[in-house]
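Secondary and tertiary structure notes
What follows is the residue order along each chain.
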Amino acid sequence: MMRANPFEPKIVAFCCHYCAYAAADLAGSMRLQYPTNIRIIRTPCTGKLEVEYFMRAFEYGADGVLVAGCEEGSCHFIEGNLMAKRRVNYARELLSESGLERKRLRMVNISAAMGTVFAETVKDMIETVRKLGPNPVRSDHVNVKQEIHR
Ligand code: FES
């Protein structure tokens, strides 16, 4: 018997143009199976992403957020991915303070050739978030807004 309204996590993936975005494309062209409930947002470099972007994604209803940047030492903006790593870690703390699990936000470092790794990462992320359940934070969640505008 089919379950009524099975939870399908919504994932937002911020993908660096130089690596993860290409890897996602590759995954598509290799016809690797990964779930379609993922929204890919291309960024010129993960270093361009502010903490606020991650928090807003949750505020707008994402159940999980993936940040995918170039491998360490390979960022086209020198240390953009290291900056992103620090921001992701900081945002994970904010999530925790807001009552969301840190595991809902994750960063990976991959190259453009890693289509399979990208597909596996997305699958793993979706399974992790599926176990956690839906994002309880919505736009009316005061704590997240306060953190964003702090
Ligand atoms: Fe890809 Fe910076 S250029 S993470």
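Residues numbered from 1 in each chain as written. Predicted model: local features only at pLDDT ≥ 70, side-chain atom pairs only at ≥ 80, totals over all residues. Heavy atoms only, no water.

**Observations regarding the pairing of strand 3 (residues 64-69)**
So the rule is basically this: Partly exposed residues are those whose accessible area sits between 20% and 50% of the maximum for their type, while under 20% is buried and over 50% is exposed, using a 1.4 Å probe and protein chains only. Starting at the N terminus, helices and strands are each numbered in turn, a helix being any DSSP run of H or I of at least four residues and a strand any DSSP run of E of at least two. In this description, strands pair whenever DSSP reports at least two bridges between them. Throughout, right-handed denotes a crossover for which the path from the first strand over the helix to the second runs clockwise when the strands point away from the viewer.
Across the six residues that make up strand 3, a large majority, six, are buried. Sheet topology places strand 1 (residues 11-16) next to strand 3; five bridges connect them, and they run parallel. Along strand 3, the bridge assignment pairs alanine 13 with leucine 66. Relative to strand 4 (residues 105-109), strand 3 is paired through five bridges, and the arrangement is parallel. Among the inter-strand pairings, alanine 68 is bridged to a residue of strand 4, identified as valine 108. Where the polypeptide runs from strand 3 across helix 3 (residues 80-97) and back to strand 4, its parallel neighbour, the crossover connection is right-handed.

**Let's talk about the environment of leucine 95**
Among the structural elements, leucine 95 can be located in helix 3. Note on leucine 95: relative accessible area 1%, which makes it buried. Linking leucine 95 and phenylalanine 58, residues 37 residues apart in sequence, is a C-alpha distance of 9.1 Å.

**So, the pattern of salt bridges**
Put simply, the rule reads: One speaks of a salt bridge when a side-chain nitrogen belonging to Lys or Arg is within 4 Å of a carboxyl oxygen belonging to Asp or Glu.
All told, the structure shown has nine salt bridges when counted by the stated rule. Note that aspartate 124 and arginine 106 form a salt bridge whose closest N and O atoms lie 3.0 Å from each other. On the criterion of sequence distance, the pair formed by aspartate 124 in helix 4 (residues 115-132) and arginine 106 in strand 4 is long-range, its members being 18 residues apart. Across the pair lysine 123 and glutamate 120 runs a salt bridge whose closest N-O atoms are separated by 3.6 Å. Of the two residues, lysine 123 and glutamate 120 are both situated in helix 4; the distance of three residues between them amounts to about one turn of the helix. Exposure remark for lysine 123: the relative accessible area of 33% places this residue in the partly exposed category. Glutamate 120 sits in the partly exposed class, given a relative accessible area of 44%. Ionic contacts of the salt-bridge type, sharing partners, join the residues Glu8, Glu127 and Arg130 into one network.

**Topic: the state of the cysteines**
Here is the rule: Any two cysteine sulfur atoms within 2.5 Å of one another count as a disulfide.
Summed over all chains, the structure comprises zero disulfides. Summary of cysteine pairing: cysteine 19 is not part of a disulfide, and the nearest cysteine sulfur, belonging to cysteine 70, is at 3.4 Å. Residue classification places cysteine 19 among the buried positions, given a relative accessible area of 2%.

**A word on the packing of helix 2 (residues 51-59) against helix 3**
Operational definition: To obtain an axis, a line is fitted to C-alpha atoms, over the contacting stretch when the element is a helix, and the angle between two such axes runs from 0 to 180 degrees between their N-to-C directions. Working definition: roughly parallel below 35 degrees, roughly antiparallel above 145 degrees, roughly perpendicular at 65 to 115 degrees, and oblique for all remaining angles. Definitions for this section: a left-handed crossing has its near helix turned counterclockwise from the far helix by less than a right angle. A right-handed crossing has that turn clockwise. The contact definition used throughout considers only heavy atoms, calling two residues in contact when any of these lie within 4.5 Å. Residue type decides the class: Asp, Glu, Lys and Arg count as charged, Ala, Val, Leu, Ile, Met, Phe, Trp, Tyr, Cys and Pro as nonpolar, and the leftover types, Gly among them, as polar.
In the contact formed by helix 2 and helix 3, the axes pass within 9 Å of each other and the chain directions differ by 40 degrees. Comparing their axes, helix 3 and helix 2 come out oblique. Here the hand of the crossing between helix 2 and helix 3 comes out right-handed. Of the residues in helix 3, those in contact with Val51, Phe54, Met55 and Phe58 of helix 2 are Arg87, Val88, Tyr90, Ala91, Leu94 and Leu95. Of the residues assigned to the contact of helix 2 with helix 3, the class counts are nine nonpolar, no polar and one charged.

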